[in-house]
Amino acid sequence: MTTSIEKQLAAYEGRLLGTIPVERIRAVAFERPSADLVARFRQLPDLTSAIADILDEYGVDSAIPTTALPPIAPGQRMVGPAITVKHGAARLTSGYNIANKTSPRLGALDAVTLSQRGDVMVIDGSACPAASNIGGIMATAVAAHGFAGVVVDGCVRDTDAMRRMGLPVWARGATPRTGKHRFELLEFNGIVEIAGVQIRPGDLMLGDSDGVIVVPLSIAAEVLARAEEVAAKEKTLIDAISTGASAAETAAIVAPEKW
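Q: How do you make sense of the overall build of the chain when you look at a structure like this?
A: The helix and strand inventory of the chain stands at nine helices and 10 strands. Rg of the C-alpha trace for the chain: 20 Å, near the compact-globule value of 18 Å for 259 residues, within the 12% margin. With respect to the three principal axes, the spread of C-alpha positions in the chain is 75 × 40 × 30 Å. A burial count over the chain gives 49% of its 259 residues as buried. Within the chain, contacts between residues at least 6 apart in sequence are counted, and of these 75% link residues at least 24 apart. When the accessible surface of the chain is summed, it comes to about 12,800 Å², and 53% of that surface belongs to carbon and sulfur atoms.

Q: In this structure, what is going on with the pairing of strand S9 (residues 204-208)? I would like to understand it.
A: Along a regular strand, successive side chains alternate from one face of the sheet to the other. In terms of burial, S9 is largely enclosed, as five of its five residues are buried. Here S9 shows two buried faces, one formed by Leu204, Leu206 and Asp208 and the other by Met205 and Gly207. One ladder, built from four bridges, connects strand S2 (residues 78-89) with S9; its direction is antiparallel. Bridged to Gly80 within S9 is Met205. Here five bridges tie S9 to strand S10 (residues 211-215), and the two strands are oriented antiparallel to one another. Its bridge partner being in S10, Asp208 is matched across the sheet by Gly211. The antiparallel hairpin formed by S9 and S10 contains two residues in its connecting segment.

Q: Where do I start with the pattern of salt bridges in this structure?
A: Two side chains that carry opposite charge are able to pair once their charged atoms sit near each other. This structure, assessed with the given rule, holds 10 salt bridges. With a shortest N-O distance of 2.9 Å, Glu184 and Arg24 are connected by a salt bridge. Placement of the pair is Glu184 in strand S6 (residues 183-188) and Arg24 in the loop between helix H1 (4-9) and helix H2 (35-42), with a sequence separation of 160 residues. With a relative accessible area of 13%, Glu184 lands in the buried category.

Q: Looking at this model, I keep getting lost on the environment of Gln43. Mind explaining?
A: Secondary-structure assignment places Gln43 in the loop between H2 and helix H3 (49-57). For Gln43 and Val79, which are 36 residues apart along the polypeptide, the C-alpha to C-alpha distance reads 9.9 Å.

Q: Could you clarify how one ought to interpret the environment of Asn133 in this entry?
A: Here Asn133 is to be found in the loop between strand S3 (120-124) and helix H6 (136-144). Here the alpha-carbon distance between Asn133 and Ile213, two residues 80 residues apart in the chain, equals 21 Å. What Asn133 contacts, discounting residues up to four positions off in sequence, is His87, Ile123, Gly125, Val152, Gly154, Cys155, Val156 and Phe183. Polar side-chain contacts of Asn133 include one of 2.8 Å to the side chain of His87.

Q: Looking at this structure, how should I read H3?
A: What sets the pattern is the α-helix's 3.6 residues per turn: residues three or four places apart point alike. For H3, the set of buried residues is Ala50, Ile51, Ala52, Ile54 and Leu55. Looking one or two residues past H3, Gly59 carries a phi angle of roughly 75°, positive in sign.

About the criteria used
Residues numbered from 1 in each chain as written. Predicted model: local features only at pLDDT ≥ 70, side-chain atom pairs only at ≥ 80, totals over all residues. Heavy atoms only, no water. Helix = DSSP H or I, 4+ residues; strand = E, 2+ residues; numbered from the N terminus. Rg over C-alpha atoms; globule rule 2.2 N^0.38 Å. Buried < 20%, exposed > 50% of the residue type's maximum accessible area, 1.4 Å probe, protein only. Contact = heavy atoms within 4.5 Å. Areas by Shrake-Rupley, 256 points an atom, 1.4 Å probe, with all protein chains shown as cover. Pairing = 2+ DSSP bridges. Salt bridge = Lys/Arg side-chain N within 4 Å of Asp/Glu carboxyl O. Polar contact = N/O pair within 3.5 Å; in protein donor to acceptor, adjacent residues only side chain to side chain.

Next up, the structure:
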């Protein structure tokens, strides 16, 4: 009996390498935010901090600080829907895999092929924190495919190459140690937990110098509308402060408890 995933994969016939077992793929087609919504989020002057305040009002605490996942380069910005990858420790030891020249399946290019331009690759690599989840070659493929960024709960390597290609990446750290003998892909496009935050495929990932924040797709449009209002008020407030407005005048623009 053909599963719904197999039916969706039929659209990629001849383009996949078979590096992700079908039973480990949880979703191929899923809802993403519209291109207009993504573009409007990208135009926000304050990409993460203002959104974090707004999400508090929705009971969503999804901010990931740079103490957990620092950006690999200053000034990075990222807006895009998540595709998710869960890595786990390889079933056989790394020594055995190296000695026998075998590598567990990491999905690699098939994960890229099954994604769309503007996506953010979100990788849970917490099971093996000292090895790399993505290196220069894979990063090149990701950048060439037009990904908006990469978020890794774990390490990466070849960060100089990532900086040169301008790929925005947030990760726990960098390491020379490869993951190709130590990891295997356990699940593609399932629910992952990154630095204590649940992320689902299609959730909107935002990143800048203050960290990463996850906007659940179901409320993304409402959050954006609030963020645009906040941005307009904050500009008026900053302009007023800069031109010497009185305390009463500034308080009338934005209440002091909101500063």
